[in-house]
Amino acid sequence: MKNKIGWKTAVGLVISNMIGTGVFTSLGYQLVDVQNTWSIVFIWIIGGLLALIGAFTYAELGTNFDESGGDYIFLSKLLHPLAGYLYAWISVTVGFTAPIAISVMAMKSYLNPINPAIFNDWFGIFIILALAAVHSFSVGQSGKFQNISTIVKLAFVLILIAVGFYFIPTVDTALNFTNSWKSELWLPGFAISLLYVTYAYTGWNAAAYIVEEIRDPRRNLPKALLTGTILVTVFYVLLQIVFLRHASVNQMSGKVEIAFISFTNLLGPSGGRWISYFIAIQLIATVSGYLWIGSRITSAMAKDYSLWKPIGIKNKNTIPVRALWLQALISVILVITGTFEQVLLYASFVLQLMGTLTVTSIFWLKGRKEAFKSPLKPFLQIAFILFSIWILSYMLYERPHESLIGLLFVGTGLITYFISNHTKQKTIKRNV
């Protein structure tokens, strides 16, 4: 039991994976096309509802299987080993590594104006490697670190919301409650904005990847997924209103560091700098969570494919250290080679695509009697799939370059699958 965590730590893992860069950076990109406050709020509520449907679905899937690995396990057993392999490949190459890279890029964006000599790409690389070291020892240590960093994150978010609503705006506000939202709903930019938001909600399924490390998962997994998703949805909507309340559209449109802009207006340059410090600090929990859970997917795949078996080796405390450090290394490469918006968009596209495939897999599930049952099944899942197809279609049309990069990752996964499968078959024949 010392290598197990309770539902509160699992909730913390969900929250820390969800609240990362997206909520503090997406609004600036949304305001380029969508500027009505009702439209913005509607986008974030839709994102929360989609995440909640996903949480219901993953709670049912996760309580029907006893293995860590999340989507890899679900897709491999319900659809086809190829589908599971592709998800694991996407996870190790972009699915978890890209959010890590995006998080440290955002840290740099917020801290660089304070001291460019220190807060550069090398600072982000140091954070990734240091956190990989933290998670290389035991589940107990990972859980303790995650709990502390998540408490810091939650305290910071609650303070931002309280301060943002308490003080009266000192500059032109971006709040706009006119009827223009009716026309904005049909703009291509509305769908693209939804993609940014769905990325911001990435992580609602975090606890489903470490089922083996949760005590009594059939009771605690649904509790962790649903509690974390609902809380984060409320925080997200409130934070967007706060940002809109304390800055103008012109100030934030197309910018990454919207929280810094908003709270510099409210608290002055000194206060803005402190907000930047704490945004960077709370992102530590995000990077930590992605390193923890992403390595479990790679480890699960390594058990089934001899080509990847060396990566799946665990230490005496069952930590897949090689998978963990491989993930850290790929994250470092993405930090060095990618730009913030490009990495965000192609990661969002491919994560939305693979998440939709996993939600679809529930139609092939023959559930256990004692497992969690998703309410309103299959209607919620159908709604999720239709919304995802709509978002992905707009993304392909509006941002073909980033979409094709995402599909390129899927294509390379297909190639490595056939190589891995061929190696696996040769090993089986040799053993026979």
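Only a predicted model underlies this, so the values are computations on that prediction, with no experimental measurement involved. (Residues numbered from 1 in each chain as written. Predicted model: local features only at pLDDT ≥ 70, side-chain atom pairs only at ≥ 80, totals over all residues. Heavy atoms only, no water.)

### Examining the nonpolar core
Right, on to step 1. In terms of nonpolar packing, the biggest core is built from 150 residues, with I19, F24, Y236, F243 and M252 touching the most fellow members.
Right, on to step 2. Ranked by residue count, the leading element in this core is helix α13 (residues 258-304), at 18 residues.
Right, on to step 3. Setting aside residues no more than four positions away along its own chain, F243 makes contact with V23, F24, L27, M252, I258, A259, S262 and F263. (Core = buried A, V, L, I, M, F, W, Y, C linked by side-chain atoms within 4.5 Å. Buried < 20%, exposed > 50% of the residue type's maximum accessible area, 1.4 Å probe, protein only. Helix = DSSP H or I, 4+ residues; strand = E, 2+ residues; numbered from the N terminus. Contact = heavy atoms within 4.5 Å.)

### Overview of the packing of aromatic side chains
Right, on to step 1. Inspection of the entire model under this criterion finds 27 aromatic pairs.
Right, on to step 2. Taken together, a centroid distance of 5.0 Å and an interplanar angle of 90° make the contact between F119 and F123 edge-to-face.
Right, on to step 3. Relative accessible area serves as the criterion here: at 13%, F119 is assigned to the buried category.
Right, on to step 4. Taken together, the ring pairs in this structure connect F24, F156, F243, W274, Y277 and F278 into an aromatic cluster.
Right, on to step 5. Above the face of the W7 ring, K223 is positioned so that its terminal group lies 4.7 Å from the ring centre. (Phe/Tyr/Trp six-rings, centres within 6.5 Å; stacked < 30°, edge-to-face > 60°. Lys NZ or Arg CZ within 6 Å of the ring centre and 35° of its normal.)

### A few points about the packing of helix α3 (residues 37-62) against helix α15 (residues 340-361)
Helix-helix packing is characterised by the crossing angle of the two axes and by the distance between the axes.
Right, on to step 1. The interhelical angle for the contact between α3 and α15, taken along N-to-C directions, is 60°, at an axis separation of 10 Å. By the criterion of interaxial angle, the relationship of α3 to α15 is oblique. Seen along the crossing, α3 lies across α15 with a hand that is left-handed. Of α15, the residues touching α3 (which contributes T57, Y58 and L61) are G355, T358, V359 and S361. (Axes fitted to C-alpha atoms, helices over the stretch in contact; angles between N-to-C directions. Parallel < 35°, antiparallel > 145°, perpendicular 65-115°, else oblique. Left-handed = near helix turned anticlockwise from the far one by under 90°.)

### A few points about a nonpolar patch on the surface
Right, on to step 1. Side chains of L79, L357, F363, W364, I382, L386 and I389 sit close together on the surface and give an oily, nonpolar patch of about 630 Å² of accessible area.
Right, on to step 2. Position of L79 among the secondary structure elements: in the loop between α4 (71-78) and α5 (81-95).
Right, on to step 3. The exposure class of L79 is partly exposed, given its relative accessible area of 31%. (Patch = residues over 30% accessible without salt bridge, like charges linked within 9 Å, V, L, I, M, F, W, Y side chains within 5 Å. Areas by Shrake-Rupley, 256 points an atom, 1.4 Å probe, with all protein chains shown as cover. Salt bridge = Lys/Arg side-chain N within 4 Å of Asp/Glu carboxyl O.)

### Comments concerning the packing of α4 against α15
Right, on to step 1. Running from N to C, α4 and α15 cross one another at 50°; their axes reach a closest spacing of 10 Å. In terms of orientation, α4 and α15 fall into the oblique class. At the point where α4 passes α15, the crossing takes the left-handed sense. Of the residues in α15, those touching α4 at D71, F74, L75 and L78 are L357, T358 and S361.
Right, on to step 2. Each residue belonging to the contact of α4 with α15 can be placed in one class, and the counts come to four nonpolar, two polar and one charged. (Nonpolar A, V, L, I, M, F, W, Y, C, P; charged D, E, K, R; others polar.)

### Considerations on the pattern of salt bridges
Right, on to step 1. Summed over all chains, the structure comprises six salt bridges.
Right, on to step 2. A salt bridge links R218 to E370, with the nearest nitrogen and oxygen atoms 2.7 Å apart. Taken together, the residues R218 in helix α11 (residues 217-245) and E370 in the loop between α15 and α16 (379-398) connect sequence positions 152 residues apart.
Right, on to step 3. What makes R218 partly exposed here is its relative accessible area of 31%.
Right, on to step 4. Classification of E370 by relative accessible area gives partly exposed; the value is 48%.

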